[in-house]
Amino acid sequence: MSQMKFETKAIHIGQEPDKTTGAIIVPIYQTSTYVQESPGKHKGYEYSRTANPTRLALEKCLASLEEARFGLAFSSGMAAISVVMNLLKAGDHVISCDDLYGGTYRIFEKVYKDYGLEFSYVDLTSPENLSKALRKNSKMVWVETPTNPLLKVIDLKKVSEFAKKHNLISVVDNTFATPYFQKPLSLGIDIVVHSSTKYLGGHSDLVGGAILTSNQAYYDRMKFCQNAVGGVPGPFDCFLVLRGLKTLSLRMREHEDNAIQVANFLSAHKKVKRVIFPGLKSHPDYKLVQKQMNGFGGIVSFELRSNLAGAKRFLRKLKLFSLAESLGGVESLADHPGIMTHSSIPPALRRKLGISDSLIRLSVGIENKEDLLEDLRRALSFV
Ligand code: P1T
């Protein structure tokens with residue numbers, strides 16, 4: 001068979017029918033250990049922190065979707081991020097994009113700084129800032145694109161070229177775009193990380209993470225750390241992500257379609273100051289979006305022409321959009337980054353970045369478009 005396409009891989013890779021029963025779905029191997037015939041003589045599995053067949057199926061499937069040679073699954077996006085950081089040693093310096101998930105900023109600043117790592121946060125929408133931030137001890141570039149929550153888009157080809165030239169490990173958190181809309185490894189990036197809690201799982205019913213890479217040395221070290229540190233997902237959560245992946249392409253198309261409608265609606269609304277969505281021509285990196293991504297994703301951020309009280313009124317009045325952290329599930333969510341997901345970022349830095357009191361982030365679900373627009377229209381009338 002010729003090279004399988006994305007939709008087919010999501011359903012089949014790593015998921016051959018069970019050899020003993022013919023079960024079409026990968027079984028949930030709810031076991032901690034595996035019986036050995038004699039010491040060291042086993043069927044490839046010794047202990048489920050080290051390897052588990054349900055997890056292995058997920059790791060294979062995710063690797064195929066990101067066009068990676070290797071995949072590793074974790075118990076959360078943060079556990080995956082932490083293992084990527086295990087590639088570094090005290091004294092190493094990381095150049096990171098300035099807008100990123102609050103929890104990522106927190107683990108960098110409040111955990112890894114104490115282990116002697118150094119971090120610079122720079123606006124990587126201007127690639128020349130990479131050279132400005134470069135130090136003798138720089139070892140890694142960390143990028144989210146589109147970023148959380150301001151949806152900045154960063155040129156991954158330029159990042160990977162710079163990283164190669166200066167011997168840096170390049171890492172992209174591909175949670176917002178998903179491999180359906182963006183494949184960083186194909187642009188020369190070394191490592192992709194995911195919070196599979198989001199679109200990959202897709203149904204707001206699990207917390208998980210993943211690392212994908214084609215670099216043998218990085219994989220070997222991270223695989224070692226996955227087992228040594230132990231932040232592995234349980235087999236039931238792996239099953240749920242595998243189940244979610246089967247409809248990833250369908251869901252992403254619907255998320256995007258609805259997000260386009262929402263972004264257009266908000267752009268035309270008089271109570272809205274600005275709308276940030278990679279699919280709007282007004283997005284500062286719209287040209288790059290078209291070059292680098294196959295679609296725009298399902299997240300829309302916007303600022304109200306109001307203050308914190310107005311934002312709170314709006315959020316209270318929403319009925320279909322639930323006020324909650326997280327994103328990427330089939331149901332629509334609304335987030336106030338300043339108070340919720342990005343509260344770990346110091347207020348002065350939030351203000352500098354543009355995470356204002358009236359900034360709202362919407363994860364547009366796959367409900368009926370008209371219902372979603374009606375919900376927004378109604379809530380905006382109370383601002
Ligand atoms: O929540 P967890 O699965 O541990 O993933 C952390 C994480 C990593 N990377 C990005 C880009 C993320 O958005 C997240 C988690 N984000 C949220 C919970 C949120 O609401 O933004």
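Since this is a predicted model, take the numbers as computed values, not measurements. (Residues numbered from 1 in each chain as written. Predicted model: local features only at pLDDT ≥ 70, side-chain atom pairs only at ≥ 80, totals over all residues. Heavy atoms only, no water.)

A short note on the packing of helix H3 (residues 77-85) against helix H4 (residues 102-112)
At step 1: Two elements in contact, H3 and H4, have axes whose closest approach is 11 Å; the angle formed by their N-to-C orientations is 45 degrees. The angle between H3 and H4 places the two elements in the oblique class. Relative to H4, the crossing made by H3 is right-handed. Of the residues in H4, those in contact with Met78, Ile81, Ser82 and Met85 of H3 are Gly103, Thr104, Ile107, Phe108 and Tyr112.
At step 2: Partitioned by chemical class, the residues of the contact of H3 with H4 number 6 nonpolar, 3 polar and no charged. (Axes fitted to C-alpha atoms, helices over the stretch in contact; angles between N-to-C directions. Helix = DSSP H or I, 4+ residues; strand = E, 2+ residues; numbered from the N terminus. Parallel < 35°, antiparallel > 145°, perpendicular 65-115°, else oblique. Left-handed = near helix turned anticlockwise from the far one by under 90°. Contact = heavy atoms within 4.5 Å. Nonpolar A, V, L, I, M, F, W, Y, C, P; charged D, E, K, R; others polar.)

Some points on the site of the ligand
At step 1: The ligand sits among 20 residues. The nearest are Asp173, Ser195, Thr197, Ser326 and Arg361.
At step 2: At 2.9 Å from an oxygen atom of the ligand is found a side-chain nitrogen or oxygen belonging to Asn148.
At step 3: A distance of 2.8 Å is found between an oxygen atom of the ligand and a side-chain nitrogen or oxygen belonging to Ser195.
At step 4: The fraction of the free accessible surface of the ligand (480 Å²) that becomes covered by protein chains is 93%.
At step 5: Of all the elements, H3 adds the most residues to the shell around the ligand, at 3 residues.
At step 6: Residue composition of the shell around the ligand, by class: 6 nonpolar, 9 polar and 5 charged.
At step 7: Among the domains, domain 1 (6-245) and domain 2 (248-380) are the pair contributing at least three residues each to the shell around the ligand. (Near = heavy atom within 4 Å. Polar contact = N/O pair within 3.5 Å; in protein donor to acceptor, adjacent residues only side chain to side chain. Areas by Shrake-Rupley, 256 points an atom, 1.4 Å probe, with all protein chains shown as cover. Domains from an automatic or database assignment.)

Describing the domain arrangement of the protein chain
At step 1: Along its sequence, the protein chain is carved into domain 1 (6-245) and domain 2 (248-380).
At step 2: For domain 1 and domain 2, the distance between their C-alpha centroids amounts to 25 Å.
At step 3: Across the boundary between the two partners, domain 1 contributes 39 residues, which contact 45 residues of domain 2.
At step 4: At the junction of domain 1 with domain 2, the criterion picks out 2 salt bridges.
At step 5: Between Glu7 and Arg253 there is a salt bridge; the shortest N-O distance is 3.6 Å.
At step 6: For the interface between domain 1 and domain 2, the tally reads 18 residue pairs in polar contact (both at pLDDT 80 or more). (Salt bridge = Lys/Arg side-chain N within 4 Å of Asp/Glu carboxyl O.)

A look at the packing of aromatic side chains
At step 1: Applying the stated rule across the entire model yields 12 aromatic pairs.
At step 2: Aromatic pair Tyr112 and Tyr115: ring centres 6.0 Å apart, planes at 50 degrees, arrangement tilted.
At step 3: Relative to Phe314, the ring of Phe302 lies with its centre 5.7 Å away and its plane at 90 degrees, an arrangement referred to as edge-to-face. Of this pair, Phe302 sits in strand S9 (residues 299-304) while Phe314 sits in helix H12 (residues 308-317); the two residues are 12 residues apart in sequence, bridging distant segments of the chain. (Phe/Tyr/Trp six-rings, centres within 6.5 Å; stacked < 30°, edge-to-face > 60°.)

Regarding the side chain of Gln15
At step 1: Note that Gln15 resides in the loop between helix H1 (6-12) and helix H2 (53-65).
At step 2: Its relative accessible area of 7% is what places Gln15 among the buried residues.
At step 3: For Gln15, the side chain forms a polar contact with the main-chain oxygen of Ile13, separated by 3.1 Å.
At step 4: Separated by 2.9 Å, the side chains of Gln15 and Lys246 make a polar contact.
At step 5: With residues near it in sequence (within four places) discarded, Gln15 still touches Lys9, Ala10, Ile24, Val26, Cys61, Leu242 and Lys246. (Buried < 20%, exposed > 50% of the residue type's maximum accessible area, 1.4 Å probe, protein only.)

Section: the nonpolar core
At step 1: The biggest cluster of nonpolar side chains holds 47 residues, and the ones touching the most others in it are Val84, Met85, Met140, Trp142, Ile191, Ile211 and Met222.
At step 2: In terms of residues, this core owes the most to one element, H3, which gives 6 residues.
At step 3: Non-local contacts of Val84, meaning those with residues more than four positions away in its chain, are made with Met140, Trp142, Val171, Ile191, Val193, Ile211 and Met222.
At step 4: Listed in part, the 42 residues of the second largest apolar core include Phe176, Tyr180, Met293 and Leu359. (Core = buried A, V, L, I, M, F, W, Y, C linked by side-chain atoms within 4.5 Å.)

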